[in-house]
Structure formats: structure tokens, C-alpha cells
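Each chain is listed here by its residues.
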Amino acid sequence: MTATAAGSGAVKGDVLGHPRQLWMLFMTEFWERFAFYGMRWALTLYIVAQFFGGDASGEGWASRTYGSFLALVYATAIFGGYVADRIIGYQRSILLGAIVTAVGLFAITVADQQVFLLGLAFVIVGNGLFKPNISTMVGKLYAADDPRRDRGFTIFYMGINAGALVAPLLTGWLASEFTNTPMEQNYKAVFYATGVGMLISLLWFWFGRRDLGEIGRPPEGRNGTTSMLMVLVGSAIAVPIIYMLLSRVGAEPLQYVLSALFVGLGVMLLAEAMREGKVSRDKVIAMMILFTFNILFWCFFEQAGSSFNFLAQNVVNRDLGGWEFPVGWFQSVNPAGIVLLAPVVAVIWGMLAGMKAEPSIPRKFGLGLIGNALGFLVLMYALSSLVSEVPGADGAMIKQIPFWPLALCYVFQTVGELCLSPIGLSMVTKLAPMKYVGLAMGGWFLSTAIGNNLSGIVAGLISGETGLTVASALQGFTASFYLLLGAGVVLFLIGPLINKFMHGVK
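Residues numbered from 1 in each chain as written. Predicted model: local features only at pLDDT ≥ 70, side-chain atom pairs only at ≥ 80, totals over all residues. Heavy atoms only, no water.

Caption draft 1: Layout of the nonpolar core. Of all hydrophobic cores here, the largest spans 140 residues; its most connected members are Phe69, Met287, Leu311 and Met427. Per element, the largest residue contribution to this core is 20 residues, and it comes from helix H4 (residues 59–107). With residues near it in sequence (within four places) discarded, Met287 still touches Leu269, Met427, Val428, Leu431, Ala432 and Ala440. (Core = buried A, V, L, I, M, F, W, Y, C linked by side-chain atoms within 4.5 Å. Buried < 20%, exposed > 50% of the residue type's maximum accessible area, 1.4 Å probe, protein only. Helix = DSSP H or I, 4+ residues; strand = E, 2+ residues; numbered from the N terminus. Contact = heavy atoms within 4.5 Å.)

Caption draft 2: Molecular detail of helix H11 (residues 307–314). In terms of residue burial, H11 counts as a mostly covered element, since six of its eight residues are buried. Turning to H11, its buried residues are Ser307, Phe308, Asn309, Phe310, Leu311 and Ala312.

Caption draft 3: Up close: unusual backbone geometry. Even without being a glycine, Lys356 presents a positive backbone phi close to 55 degrees. Owing to a relative accessible area of 81%, Lys356 belongs among the exposed residues under this scheme. Of note, the phi angle at His503 is positive, near 50 degrees, even though the residue is not glycine. Note that His503 resides in the segment after helix H16 (470–502).

Caption draft 4: Focus on the packing of aromatic side chains. Under the criterion given, the structure shown has 32 aromatic pairs. Seen from their ring centres, Trp23 and Phe26 are 6.3 Å apart, and the 50 degrees between their planes marks the pair as tilted. You can see Trp23 and its partner Phe26 sitting in helix H2 (residues 20–40), three residues apart, about one turn around the helix. Centre to centre, the rings of Trp41 and Tyr187 are 6.1 Å apart; their planes meet at 75 degrees, and the pair counts as edge-to-face. With a gap of 146 residues between them, Trp41 in the loop between H2 and helix H3 (43–51) and Tyr187 in helix H7 (residues 183–208) connect regions that are remote in the sequence. The exposure classification of Trp41 matches that of Tyr187, with both residues buried. Site record: aromatic cluster; members linked through ring pairs are Phe300, Phe308, Trp323, Phe325, Trp329, Phe330, Phe376, Phe403, Tyr410 and Phe477. Sitting over the face of the ring of Trp206, Arg209 holds its NZ or CZ atom 4.2 Å from the ring centroid. One residue, Lys364, lies across the ring of Trp349, its end atom 4.5 Å from the ring centre. (Phe/Tyr/Trp six-rings, centres within 6.5 Å; stacked < 30°, edge-to-face > 60°. Lys NZ or Arg CZ within 6 Å of the ring centre and 35° of its normal.)

Caption draft 5: Just the pattern of salt bridges, in detail. This model, assessed by the stated rule, comprises nine salt bridges. Between Glu272 and Arg275 there is a salt bridge, and its shortest N-O distance comes to 2.9 Å. With a gap of three residues between them, Glu272 and Arg275 both fall in helix H9 (residues 251–276), about one helical turn apart. The closest approach of N and O atoms between Asp282 and Lys278, which form a salt bridge, is 3.1 Å. Taken as a pair, Asp282 and Lys278 lie in helix H10 (residues 278–301) at a separation of four residues, close to a single helical turn. For Asp282, a relative accessible area of 3% translates into the label buried. (Salt bridge = Lys/Arg side-chain N within 4 Å of Asp/Glu carboxyl O.)

Caption draft 6: Here's a closer look at a nonpolar patch on the surface. On the surface, Leu229, Leu232, Val233, Ile237 and Ile241 cluster together to form a nonpolar patch covering roughly 440 Å² of accessible area. Take Ile241: it is sitting in helix H8 (residues 225–249). (Patch = residues over 30% accessible without salt bridge, like charges linked within 9 Å, V, L, I, M, F, W, Y side chains within 5 Å. Areas by Shrake-Rupley, 256 points an atom, 1.4 Å probe, with all protein chains shown as cover.)

Caption draft 7: Structural detail: the confidence of the model for the protein chain. Mean pLDDT for the protein chain: 90, with 96% of residues reaching 70 or above. Of all the helices and strands in the protein chain, helix H1 (residues 3–6) carries the lowest mean pLDDT, 42, while helix H13 (residues 361–385) carries the highest, 97. In the model, residues 1–12 has pLDDT below 50 throughout and makes 29 contacts with residues more than four positions away in sequence or in other chains. (pLDDT = per-residue confidence, 0-100.)

Caption draft 8: Layout of the packing of H3 against H11. Following both chains from N to C, one finds H3 and H11 inclined at 65 degrees, their axes separated by 9 Å at the closest point. Residue-level inspection shows Thr44, Leu45 and Val48 of H3 in contact with H11, the latter providing Asn309, Phe310 and Gln313. Taken together, the residues that form the contact of H3 with H11 break down as three nonpolar, three polar and no charged. (Axes fitted to C-alpha atoms, helices over the stretch in contact; angles between N-to-C directions. Nonpolar A, V, L, I, M, F, W, Y, C, P; charged D, E, K, R; others polar.)

Caption draft 9: Representation of the side chain of Thr448 in the model. Here Thr448 lies in helix H15 (residues 437–463). Of the polar contacts made by the side chain of Thr448, one reaches the backbone oxygen of Trp444; its length is 3.1 Å. Excluding residues within four positions of it along the chain, Thr448 makes contact with Tyr74, Asn294 and Trp298. (Polar contact = N/O pair within 3.5 Å; in protein donor to acceptor, adjacent residues only side chain to side chain.)

Below is the structure:
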């Protein structure tokens, strides 16, 4: 353990009051998030352009594949944390994850549908090894009582959102600039750029890890090549399994698999809680109820990469005074909103706490769902009252809505995310049985995975067999609004009951 980790204040060698290793992890995460968010926005559009010849009938399959991809990204994080904890340590897990992810990003540029899905499988496995473990490394830089710990995580969180903000801006510009080539080629340029970003992340960590010392090293007795070989073999087995889930199983059967895992995890947590007593049992019941509402939130929040993408490409008028706003740039509204609005939301919670009026955890979840719903309300208004007909590229008249409603929708969704997502992470650490906090956190991510998979199924229904239209979007987004609003209102009504089960947890 370093001197920094052992103490509770700044020491010689710190940078801006924090361990110098934090800044190395910040930039490693920045480039990894650049790679992930840089390719994420383009996936559904690329699938339709490359494998369906631009025919809108491919939107349903593209949306379902996108949802399954995100679901498996979250689900594999559970196993990646176990691998780092018990077998090869965090440093090796991050390095291996970066390599596997980079292979996948370059593979998805191959113009073959099966190779594309195999590339996604590599990205999923690599992300599972990388993402949960670099966050854990940040915590290991500080002692448990170090007052800089929360600020360190805040700085690191800015690295995540900085990467998520810059990536769509740069890669969206790339996709829009290569105007003399087919769009599928433009998206390949996007994927090559993200592959390079992942290699930069790998090199940044490879050279920077020397400063980490023993932090994140393998567990005792696991430092040899045998442990690494085990994980390599496990990864080699995992890739074709995930490929089969994407290519052969599909989103609907995958939903049953994820739901069964969720129920099984809930039973395990409840059984352990019952051994600890009535209070622990009640807390787990409250936690599982909130997990269920989390599923609903992400089901509609993650329309961003599917139905919202097709809306931006085909229905939104992106002409801003003779300059066309790139589709990918809409994906930067959310991280920009987080950076700008997170301090505002924190101040509001603080002010309400001072007035003894801060909402409870269930009601903050309710506000998150309502914020998400308001985004869909804006789109409902635009699709019902602001539609105009303009000449398309081929001279035929097409229906479009203005630019601003989709941007404003993302802002409302971001406010909803800030009311729910960080609160949920904190909630898990407070309500989970003491011996199974890690497993409970896995349950949180699994509920998010289920929501992501459902998002693809919902987006596929909105697009239907002929692709997203003004009419199908209005119908789908109207149903989304009422579901989210209803769930938010229900949470407000049953909030006091859930609070009783939480036994004083704030």
C-alpha cells in the first residue's frame, strides 16, 4: 500500500491535492469511454446502412441487437469484478480488457454480419474485464477515512463524462464529413477512430501502472502465469457464448435469461437477509422494489441509441442555417448535461435537506422517472403539433419536426438520470446485507441490463417492419410517457411504505 493510501491527507508527489495515480486512471478511463461512446451511437445506423442497404426494415433488428449488446455489457461486469477480485487482480484485468475491447472495435468494421456480431462479443467481454475494475482501483488509492475520497471519485466521474461528451462530437463529425463515400464507410471510420482510442487507453495504463505499485496486483498466490491462462481460456470461451446469444438467441429469449438471473439473485439476497433478521429482510425487499423501477427507467432512457437515433436521422430537421447538425452530436447532450447540472442537483438536495424537505430515496427515484417522462412529453408535442413537410433529397416531400424538441428531451432525461442513477448506487451500499454488498451491486447492474435489453425490444416495436415514422414514433413515445409518468406517481404514493421497509435509511 502506498503512503497515500495509508494516510488521510495529501502527501509529497500528489497532483492538485490527489494521488498522481488518479490522473493516470482519469485519462485511461477517458479514452476507454471515448471508445465506448464513440461507437455506441453509430451501431444501429451502421447496421441498417451496411447489412440492410439502408432499408428502414432493418431498424427493428438493429434496435434489438443494440439493446442486447448494452444488456450484456452490464451483465458481464459482474463476472469481470469477480475475476479481478479472486484471480488476476485489477491491473491485469484492465490490461486484458483493453486488448480484447480493441480487437472487437476493429473487428466490427468488417463488412460481414457474423464477424460484426463476433466483434461486439469481444467488446462485451473486454468491457466486462475493464469497466468495473478501473473504478475499484480509484477507491484503492485512498484510505477508508481519507476525506479526499469522495472528491477523487467526483474527479474520476468527470473523466467518464468528458470521454462520453467528446466522443460523439469527434466521431459524429467524422461520419458527417466523408460526404463522397457511402454512409457505411463513414461509420467504419468512426469504429476505426474508437479502436485507436482504446489502444491509447491501453498504452496510457500500460506505462502509467508503474506508479501503482502493489495497488491492484493479483491476490496472494495468484501472481503466476496459471491464473492469467485461466482467465484467457475463460475469455476465449465467453466470446463465442456471447456471440451465440447475440446471433442465435436474440433479444426476446435473452430477456428470459436475464430475468431468471435477476429472480435468482433476489432469492439469494433475501435468503441471506432473513438469516440476519427482520430488519435486513425488509431492506432487501425495499431494494428489490427499487431495482424493478430502475428497469423501467433504463428501458426508455436507452432509446437514445436506437429509436431516438432513427428519429434524429429521418424525422428531425437538422438543417441549422445551411449547416447540417450531425446525428451523433445529440449523444453529447446527456454527458454535457451531467457535467453542468450535477452540481446544481447536488446544491438543490443540500438546500432541501437544510429545510428538512429533501425527498426520500423512493421519491427521488420517482422524480427520475417523471424527468424521463417529460422528455417523451416534449417529443409527443413535437410529433403531434410541430410536423412540417419539406422536400427530401430525391424531391419527395417528407415529414419532419424541429431540431430543439429532441435536444430538450435529452436534457429532461439527464435531470431524471441525476435523480435516480447516483442515488441508486448509494442506496445499494446502505440496504444490502453486509456480506453481500458486491452481489447486490451486481443486482443493480443486472436490473440496468434488463432495462437496456427491453429498450431494444421496445425500439424494435416502435420501428415495426417498415421503419420509424412520425406516426409510429408518436404512438410509441406516447405509451412510453404514460408508463413512466404512472410509475413515477406510483413511487410517490408508495414511497412512505418503502421507507418503512428501509428502517431509517436516508
